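Chain residues, written in single-letter form:
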Amino acid sequence: MAILGANAPLPVIEEDSAIVVTGSRIARPELENPMPVSVINMEQSRQLGLVTAWAALIREPSISPGVGRGNAGSQNFDGGTASINLRNMGVNRTLTLLDGKRRVSGSARSSAVDLNMIPVGMIDRIEVITGGAAAIYGADAVTGAVNIITKRDIEGIELSGTSGISQKGDGATQSLSLVAGSKLAGGRGSVSIGGTYVKSNGVHVNDRDYAHRHLVYQSNPANTGLADGIPDTIIYTNWAATRLNVNPTFVHDNINYVYLNDAVKVQNINRVSTPGEYTAGTGEYFVEGTLPLNSGEQLVSPLEQFSVIGNFDYQLTDAIRYSARVDYGHTLYNGTKTYIREDSRNTWLNGAGGATAFLDNPFLPDPIRQFMTDNDLTSLRLARIYPEMGIRRDVQKRNAYTISNEIGGRLTGDLEWNGFFQYGRTSNNVSNPGTLRANRWISARDVVADPVTGDPVCRDPEARAAGCVPYNVFGNAAPTDAQRDWLFATRREKWVNTQTIFGGSIVGRAFRLPYGDVSVAIGAERREETLNTREDPLAVPGELAHSGGVTQHAEIDAALEVSEFYGELVVPVLQGLPFARRLEVEGAYRYSDYNTFGNTDAWKAGLIWSPVDGVTFRGVRSRSVRVPNFGELYEPVNTGVSNLDDPCEAQNIYVSATREANCRALGITTPGLASQLTSQLTTGGNPDLMPETSNSLTLGVILQPRFIPGLDITADYWDIDIESVITQFTGNQIAAYCVDLPTIDNIFCDAMTRDQSDPVRAIATMRTQQINASNMTARGLDFGVNYRRDIGEGLFSIGFKGTYLLDKETEAVPGIEASILKQVTGYLDPRFRGNVFASYAINGFNIAWNTQIRGASLHVTNATSDEAFDTNRVPSWINNDVSLGYAVNENYRFTFGVNNVFNVKPPQVPDTYTGSGGIFDTIGRYFFVGANAKF
């Protein structure tokens, strides 16, 4: 099999052998396949200390992280899951299979499969195909499919473990796998079971100096306008907001104050944004109690996971075989968000905003009372962070199981029949301990003196009667038990996904032509999926789900049913002739009938031609389909608030002349400075969505020169064009498209309103929901090189795989060039990504070295002005791993290794300095040891 991150080498296969390669249901006499297949050998992944399938997959150049430990904290629904994103074209467009079969979703809003539920100890290899594969596997395989191949014929017991820790003594991970199997009834049957337990500790931004200094792009005070030779936007380090303080802060006459050390003092901050409560700039953290905005957030989330697979295979008769599988997985994600905080914006507490200081509050410190008296103030709006209340937590406990039964045998001649039934269920019990109860907090922070005793009491008589316990918002003492009992509760919700699939097929060689057998596969499947979500009764009215805390999750009860019929044909045209050592064509077609969308069609056509030994050309043209998932269809319309990045503010307006002119046309004569005001944002699903379609093309060549034994070279061009892309534009995208199109007479400006009473015309409202609107295209080149040869008494192998992105863009409004968002060269889509893996094995010793390469990129790809940024460049990133292994004998092996050998940080520019959601390593130099024993 291939080395990590390289295309599969193509060994010589005996004529009577056959395997089923991902991308086809027909067993082939050799591994050559019209659709490029990349193989990850899990044994080699474990050499590098990678103890999960997700960790191995995201090193593939064609794969980006979907959801994982690097971005769990930013997830509304899927914290603690692991999914991948082929070509970075969307998690929903990547189909994940287990031994060629679909899996139940692990998400509350998408079809993404949770890779954490698959035990790495039972994985033999992972095959990745990119390009449309819906004709073979059905909807969702728009950009490709990932097929996890498990071990089957296991004899004996194998125990393996890995333990690692960062050089800072954190981020520890322990993994233990046990696999066992045996033959039954004289070889007629077999049974196997294998499980993996992994416990991984988290790392927070506070644990890494580079992540705890908040880098941002903001307006350059020296900028005077377009073409002035001065950067419009510059990078600020230690960006701080006056309101993000562990002490009470307030503003009066556009001057920011903080109550610190029993005194009221002017805050020390180098202001950049608009004066007022929401002003921000640069300053020293912690000196006056100011914290970074991301303080307390996770760089890498903690996770505890256990999964197990059990297989049973039995030859009932000489012509009939039966197999059964049961798998189970459990994960515990105990993550954190940020500290509880508030200010006067209606973002907080369902519009109530932050606390207010009144003169009759007995907790009011004398210096603040004197300040209010001196300035004739009867009330004062406060803003602060409450670290003494504890960090907000997100706990998700998932359980998943799948039961499958399969029976098959020989039908006639070389044809075989197969029938199967599979049922899967995923449940997630979510809790948020320590969630503020909105109405109780509003009552507890508004305090007066009891007219009889003089003791502090809650102002609201109804709240007092209900047991309200007053809280001192001016202090830093931890809440008492009585205050916690009154203020906090655990918000709970539950999500359940189910999937039922049954079907049958006939596969084999149908008849013979002059140059070989024609192979066919025909079959039918029925699939039913459901999603049921239940919210906490106290979250529905906003008591336990309020802005500034955990947002409300709308309840969904949805079901999908689809009946499908498919066929596949492989025809040998020529073989063993001059310039036609092998010429083979193939085709596949799938018809799907949905209870919600009617019918869809998917197809593929492929060709493989080997004119001479060592040279093979291949190509596939396919059309794939993706139907909307439950979240895209049925997410109810919700209205909330958001702080948008207004393109007409000073730091953004000069990106292009068109933008500046359109902002002026909206009445914005004086651009604002990095406003922190909020806008009302209405979002939701769309039950009228239709499936999106993808046209894919791959053309490639395989070179295996006979004069260089052990060398394989592959090169493939790929092109993916998705029509009627299902998308929901973000608020920032809508705001930008409004002023970046030729005129403001467009659907994006129609979707928003601006406050006409505000001098800077701040965005007041905006509407966005799922639509079939845009087209997405991507094309590039994939390269693979593998070389193996004996050196001395040992074996040396080296492999390279790389992806070069030629183009990638999304067209928001078909036919309007100004609506095209160019993604190629962006930090999420650099031109080049690659992996090199080299190893040398001799006399039981093995040394391996792996290098990940991510090319330089841009922060903003559509910037039309060279002076938009002081630096728009994201530097290249190279990460190296090394391991040394020793096999005592064929039963015992030990490994030691170092990941991120040179302790390379993420690129230190905004948007990437904290890892970009798992793209860049944030743990740093990491040491691991492993052991493997067979009995």
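All values reported here derive from a predicted model rather than from experimental measurement.

Novice: So what's going on with the overall build of the protein? Which residues, and what values?
Specialist: When helices and strands are counted, the protein shows 11 helices and 54 strands. Whereas a compact globule of 935 residues would reach a radius of gyration of roughly 30 Å, the protein reaches 30 Å, a difference of no more than 12%. Along the first, second and third principal axes, the C-alpha set of the protein runs to 100 × 60 × 60 Å. Burial analysis of the protein (935 residues in total) assigns 58% to the buried set. Long-range contacts, defined as pairs at least 24 residues apart, comprise 71% of the intrachain contacts of the protein with a sequence gap of at least 6. About 36,600 Å² of surface is accessible on the protein, with carbon and sulfur atoms providing 55% of the total. Mean positive and mean negative side-chain charge positions of the protein (79 and 100 charges, respectively) differ by 4 Å.

Novice: Explain the state of the cysteines residue by residue, including any values.
Specialist: Tallied over the full model, the rule gives 3 disulfides. With its sulfur 2.0 Å from that of its partner, Cys 458 forms a disulfide with Cys 468. When the S-S torsion is -75 degrees, as for the bridge of Cys 458 with Cys 468, the disulfide is left-handed. In this pair, Cys 458 sits in strand β32 (residues 456–458) while Cys 468 sits in the loop between α6 (461–465) and α7 (481–487), placing the two residues 10 residues apart along the sequence.

Novice: Could you give an account of the sheet that holds strand β3 (residues 37–41), naming the residues involved and the relevant values?
Specialist: Strand order across the open sheet formed by 5 strands is β3-β8-β9-β6-β7, with mixed pairing between neighbours. Since the sheet does not close on itself, it has two edges, and those belong to β3 and β7 (101–102), each with one partner. In this sheet, strand β9 (residues 144–150) lies alongside strand β8 (residues 123–130) in antiparallel orientation, the contact comprising 7 bridges. Paired with Ile 123 across the two strands is Thr 150, which belongs to β9.

Novice: So what's going on with the packing of aromatic side chains? Residues and values would help.
Specialist: Counted according to the given criterion, the structure contains 22 aromatic pairs. Each ring, one from Trp 877 and one from Phe 920, has its centre 5.4 Å from the other, and the planes form 80 degrees; the classification is edge-to-face. Taken together, the residues span a long stretch of sequence, with Trp 877 in strand β52 (residues 877–889) and Phe 920 in the loop between β53 (892–899) and β54 (926–934) at a distance of 43 residues. Following the ring pairs from residue to residue traces out a cluster consisting of Phe 250, Tyr 257 and Phe 371. Between Lys 101 and the ring centre of Phe 420, over which it is positioned, the NZ or CZ distance is 5.0 Å.

Novice: For the pairing of β54, give the residues involved together with the corresponding values.
Specialist: Remember that side chains alternate between the two faces of the sheet whenever the strand is regular. Bridge count for strand β10 (residues 156–166) against β54 is 9 bridges, and the pairing is antiparallel. Along β54, the bridge assignment pairs Gly 164 with Phe 928. Direction of pairing for β53 relative to β54: antiparallel, over a ladder of 8 bridges. Note on β54: the bridge partner recorded for Thr 895 is Gly 930.

Novice: Go over the nonpolar core with me, naming the residues and quoting the values.
Specialist: Judged by nonpolar contacts, the single largest core of 31 residues is most densely connected at Tyr 386, Trp 441, Tyr 471, Val 473 and Leu 487. Elements with a contribution of two residues or more to this core: β18 (255–260), α4 (366–374), α5 (438–444) and α7. When neighbours within four sequence positions are excluded, Leu 487 is seen to be in contact with Thr 435, Leu 436, Arg 437, Arg 440, Trp 441, Ala 444 and Tyr 471.

Novice: Would you mind going over helix α10 (residues 731–740) in detail, with residue names and values included?
Specialist: Among the 10 residues of α10, 7 are classified as buried, and the element is accordingly described as predominantly covered. Within α10 the residues assigned to the buried category are Gly 731, Ile 734, Ala 735, Ala 736, Tyr 737, Cys 738 and Val 739.

Novice: Describe the side chain of Arg 325, with residues and values.
Specialist: Structurally, Arg 325 is set in strand β24 (residues 320–339). Judged by its relative accessible area of 10%, Arg 325 falls in the buried class. Side-chain polar atoms of Arg 325 contact the side chain of Thr 150, separated by 2.9 Å. Other than its neighbours up to four places away in sequence, Arg 325 contacts Leu 98, Asp 99, Thr 150, Arg 152, Ile 309, Gly 310, Asn 311, Thr 402, Ile 403 and Ser 404.

Novice: Explain the domain arrangement of the protein to me, using residue names and the numbers behind them.
Specialist: When cut into domains, the protein gives domain 1 (20–205 + 300–335 + 395–431 + 494–634 + 689–729 + 770–934) and domain 2 (638–683 + 732–767). For domain 1 and domain 2, the distance between their C-alpha centres works out to 39 Å. Counting residues at the interface gives 14 residues for domain 1 and 13 residues for domain 2. For the pair domain 1 and domain 2, the summed buried surface comes to about 1,100 Å²; carbon and sulfur atoms form 66% of the total. Between domain 1 and domain 2 we count 0 salt bridges in total. Class assignment for the residues of the side of domain 1 that touches domain 2 results in 8 nonpolar, 6 polar and no charged.

Novice: Break down helix α9 (residues 657–665) for me, citing the residues and quoting the values.
Specialist: Within α9 the residues assigned to the buried category are Arg 659, Glu 660, Asn 662 and Cys 663. The arc that holds every buried residue of α9, seen down its axis, measures 165 degrees, which confines them to one face. Away from the buried face of α9 by more than 90 degrees, exposed residues Ala 657 and Ala 665 are located. Contacts from the buried residues of α9 go to α10. Immediately downstream of α9, the backbone of Gly 667 shows phi near 95 degrees, a positive value.

Novice: Run through the sheet that holds strand β40 (residues 679–683), naming residues and quoting values.
Specialist: One key point about sheets: their strands pair by backbone hydrogen bonds, in either a parallel or an antiparallel sense. Spatial strand order, β39-β40-β44-β43: 4 strands in an open sheet with mixed pairing. Because the sheet does not close on itself, it has two edges, and the strands there are β39 (638–642) and β43 (752–754). On average, each strand axis in the sheet is inclined to that of its neighbour by 15 degrees, with strand direction left out of account. Sheet topology note: the β40/strand β44 (residues 763–767) ladder contains 3 bridges and is parallel. Each residue of the ladder has a partner; that of Leu 681, found in β44, is Met 766. Those strands touched by α10 are β40, β43 and β44, and its axis lies near 105 degrees from that of β44.

Novice: Pulling in residues and values, what's your account of the pattern of salt bridges?
Specialist: Scanning the model with the defined rule gives 52 salt bridges in all. With its nearest N and O atoms 2.8 Å apart, the salt bridge here joins Asp 327 to Arg 103. Here Asp 327 is found in strand β24, whereas its partner Arg 103 is found in the loop between β7 and β8, with 224 residues between them in sequence. Between Glu 288 and Lys 265 there is a salt bridge, and its shortest N-O distance comes to 3.1 Å.

Novice: I'd love a proper account of the confidence of the model for the protein, names of residues and values included.
Specialist: When pLDDT is averaged along the protein, the result is 90, and 96% of the positions lie at 70 or above. A low-confidence stretch, residues 1–17 stays under pLDDT 50, and its non-local contacts, those more than four residues away or across chains, total 62 contacts.

Novice: Provide a residue-level description of unusual backbone geometry, including the pertinent values.
Specialist: What is expected of a backbone is that most residues other than glycine have negative phi and most peptide bonds are trans. A positive phi angle, near 55 degrees, is found at Asp 253, a position not held by glycine. Note that Asp 253 resides in the loop between β17 (249–252) and β18. Relative accessible area serves as the criterion here: at 62%, Asp 253 is assigned to the exposed category. Located in the positive-phi region is Asn 254, a residue other than glycine, with phi close to 60 degrees. When you line up the elements, Asn 254 lands in the loop between β17 and β18.

Rules and cut-offs
Counting of residues starts from 1 at the beginning of each chain's written sequence and follows it residue by residue. In keeping with the predicted nature of the model, local features appear solely for residues at pLDDT of at least 70, side-chain atom pairs appear and are counted solely at 80 or more, and the whole-chain, interface and lining totals rest on all residues. Hydrogens are left out, water is left out, and the side-chain values use all remaining heavy atoms of the structure. Numbering of helices and strands runs from the N terminus, with a helix taken as a DSSP run of H or I at least four residues long and a strand as a DSSP run of E at least two residues long. Between the two quantities, the radius of gyration covers C-alpha atoms and the globule rule is 2.2 Å times the number of residues to the power 0.38. When accessible area is computed with a 1.4 Å probe and restricted to protein chains, residues below 20% of their type maximum are described as buried, those above 50% as exposed, and intermediate ones as partly exposed. Contacts are residue-level and defined by heavy atoms, with any inter-residue pair within 4.5 Å sufficient. Working definition of accessibility: Shrake-Rupley area with a 1.4 Å probe, residue cover restricted to the visible protein chains. Charge convention: Lys and Arg are scored as positive, Asp and Glu as negative, and His as well as the terminal groups of each chain are ignored. In this description, the location of a charge corresponds to atom NZ of lysine, CZ of arginine, CG of aspartate or CD of glutamate. A pair of cysteine sulfur atoms is labelled a disulfide when the two atoms are within 2.5 Å. Whether two strands pair depends on DSSP finding at least two bridges between them. Two rings belonging to Phe, Tyr or Trp (six-membered ring only in the last case) form a pair when the distance between their centres is within 6.5 Å. Interplanar angles under 30 degrees mark stacking, angles over 60 mark edge-to-face geometry, and anything in between is tilted. The rule for a charge over a ring is simple: NZ of Lys or CZ of Arg within 6 Å of the ring centre, and within 35 degrees of the ring normal. Nonpolar core, defined: a set of buried Ala, Val, Leu, Ile, Met, Phe, Trp, Tyr and Cys residues in which side-chain atoms within 4.5 Å join the residues together. Nitrogen and oxygen atoms within 3.5 Å of one another constitute a polar contact, given that in protein one can donate a hydrogen and the other can accept it, and given that sequence-neighbouring residues count only through two side-chain atoms. The source of the domain bounds is an automatic or database domain assignment. Buried area: the accessible surface (1.4 Å probe) lost by two parts on joining, summed over both. Any Lys or Arg side-chain nitrogen found within 4 Å of a carboxyl oxygen on Asp or Glu counts as a salt bridge. For this scheme, ten residues count as nonpolar: Ala, Val, Leu, Ile, Met, Phe, Trp, Tyr, Cys and Pro. Four count as charged, namely Asp, Glu, Lys and Arg, and the remainder, Gly too, count as polar. The directions considered for the arc run from the helix axis to the C-beta atoms. Angles shown run from 0 to 180 degrees and are taken between the N-to-C directions of axes, each axis being a line fitted to C-alpha atoms and, for helices, limited to the stretch in contact. Each residue gets a pLDDT score, which is the predictor's confidence in that residue and runs from 0 to 100.

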